[in-house]
Amino acid sequence: IRELSSHFAPVFRNDHPVHLSLFGKTGTGKTVTMLYFLNMLQSLCQKKNIAMKHIHLDLSTPKPCFRALNDLACFLDAAKRYKKGISLDELMSRIEDRMKDYPGYFVLFVDEVDHVRRDLDSFLKFLVRRLPQTIPSKLVLVFSSNKLNWQENMDPRVKSFLKINELFFEPYNAFDLRKILSLRITKALNPKMIQKGVLEKIAAVSSRTHGDARKAVELLSESAQIAEKEGTPITLDLVDRALDEIERDKYVAMVKSSPKQLQAALYSIIASYQHSSKPLYTGDAYGAYRSFCSRTKLRALTQRAFSDMVSELDMYGFIQAKVFSHGRYGRTKEIGVNLPADISDKLKQVVLMEFDLETVYPRPL
């Protein structure tokens, strides 16, 4: 807040602040801090009779350039929500026409600017070069992003024109998270039902792992739900169980959203690994995969395609695949599964349910 206040101080001297870029991991407070500050800034400007407006353009859902500008036009009442039938230049002209009657400060907060999927350069050219030259407002752009390098692929002409300051939001430490969690507890939970040390443990685990306030609150919420089901206070042991439950749910959600072929490959690898006393290689896993496909009436892919799925599962963290050379006999991958046994069993059960086999074929291959 102090650094943002310093950046926007020229507003009260009738000067023009440069643009601003906010960086930081997810859950470090970029959006909530900026919105809080802009509301506070607008109330101060009203007291001092300074004309000032701000708009929050939320791009947390990836959108093409047309959709992003259409959202901006809707905020300004310059256009309705279009799907097609209007050119990009026409949309830009309507935004300019709408803003020609406003001479004050105009702050545009573009949240997750890197989520403009197509024509990011056109989007930035309009905001950085064209719009400030066609409107009387003193335009201040505020960009936020989780990617430190989002400006690297920018058009050099826009990059040279863009005068911007940068502000980095560091991940929350244990002390910060403890304060955030204590506020949530006061509003949503009964403090008497929380064992001593629980708050400190959640804050310590979250700060050490990710520093994300959302995930810390999620861990507290999961702990509270387990405690409510069992009719007990939130204890240190329940926090450990909630942590395992969140980890399990993350893997399960990813498996459920995966294609059927990838699900079949994962099940075959886990089942083969659990019931084999020797190292598991690609050929053995492929044999189990073909057997599973024949039972489920799924068309089996080639061994090369199966090897690509092994690499994909390795990338997602479900398995570990190391490439070994056998000289004249070629190369193969040694596959390992380091997931906890309960998570592995849960994933197998989820795959069986996806194939409607939980009662017909309950045992591993």
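Further up the page is the structure itself.
Bear in mind that the values here come from a model prediction, so they are computed numbers and not experimental data.

Time to look at the sheet that holds strand 5 (residues 164-169). Taken in spatial order, the 5 strands of this open sheet run 2-3-4-1-5, and their pairing is parallel. The open sheet has two free edges, formed respectively by strand 2 (52-58) and strand 5, since each of these has just one partner strand. Averaged over all pairs of adjacent strands, the angle between strand axes in this sheet comes to 15°, irrespective of strand direction. Both strand 3 (residues 105-111) and strand 4 (residues 138-145) contribute to a ladder of 7 bridges, which runs parallel. Counterpart to Phe-106 in the pairing with strand 4 is Leu-139. Sheet strands in contact with helix 3 (residues 65-75) are strand 2 and strand 3, and its direction is about 145° off that of strand 2.

Under the counting rule described, the total for this entry stands at 7 aromatic pairs. Arranged with centres 5.0 Å apart and planes meeting at 35°, the rings of Tyr-289 and Phe-306 form a pair that is tilted. Here Tyr-289, found in helix 12 (residues 282-296), pairs with Phe-306, found in helix 13 (residues 303-316); they are 17 residues apart in sequence, far enough to count as distant. You'll find Tyr-289 and Phe-306 in the same group, each marked buried. By way of ring pairs, the aromatic residues Tyr-267, Phe-292 and Phe-355 are connected into one cluster. In this arrangement the basic side chain of Lys-260 is found over the ring face of Phe-355, its NZ or CZ atom lying 4.8 Å from the centre.

Topologically, Phe-143 is positioned in strand 4. Expressed as a C-alpha distance, the spacing of Phe-143 and Ser-291, which sit 148 residues apart in the sequence, is 52 Å. Setting aside chain neighbours within four positions, we find Phe-143 in contact with Leu-20, Ser-21, Leu-22, Val-110, Val-113, Leu-124, Leu-127, Trp-150, Leu-162 and Ile-164.

Moving on: helix 13. Between its first and last C-alpha atoms helix 13 spans 20 Å; for 14 residues at 1.5 Å apiece the expected length is 20 Å, and the two agree. Those residues of helix 13 lying buried are Phe-306, Ser-307, Met-309, Val-310 and Leu-313. Down the axis of helix 13, the sector holding all buried residues measures 160°, keeping them to one side. Within helix 13, the exposed residues directed more than 90 degrees away from the buried face are Arg-304, Asp-308 and Met-315. Looking at the buried side of helix 13, the elements it contacts are helix 11 (260-274), helix 12, strand 7 (320-325) and strand 8 (331-336). Taken from the residues just after helix 13, Gly-317 is the one with a positive phi, measuring 95°.

The 3 strands lie next to each other as 6-8-7, forming an open sheet whose pairing is antiparallel. Where the open sheet ends on each side, the last strands, each with one partner, are strand 6 (280-281) and strand 7. When strand 6 meets strand 8, the two strands line up antiparallel, connected through 2 bridges. Following the sheet pairing, Tyr-281 is matched in strand 8 by Glu-334. Lying over the sheet, helix 13 contacts strand 7 and strand 8, oriented at roughly 40° with respect to strand 8.

Rules used throughout
Residues numbered from 1 in each chain as written. Predicted model: local features only at pLDDT ≥ 70, side-chain atom pairs only at ≥ 80, totals over all residues. Heavy atoms only, no water. Pairing = 2+ DSSP bridges. Helix = DSSP H or I, 4+ residues; strand = E, 2+ residues; numbered from the N terminus. Axes fitted to C-alpha atoms, helices over the stretch in contact; angles between N-to-C directions. Contact = heavy atoms within 4.5 Å. Phe/Tyr/Trp six-rings, centres within 6.5 Å; stacked < 30°, edge-to-face > 60°. Buried < 20%, exposed > 50% of the residue type's maximum accessible area, 1.4 Å probe, protein only. Lys NZ or Arg CZ within 6 Å of the ring centre and 35° of its normal. Expected span 1.5 Å × (residues − 1). Arc of directions from axis to C-beta.

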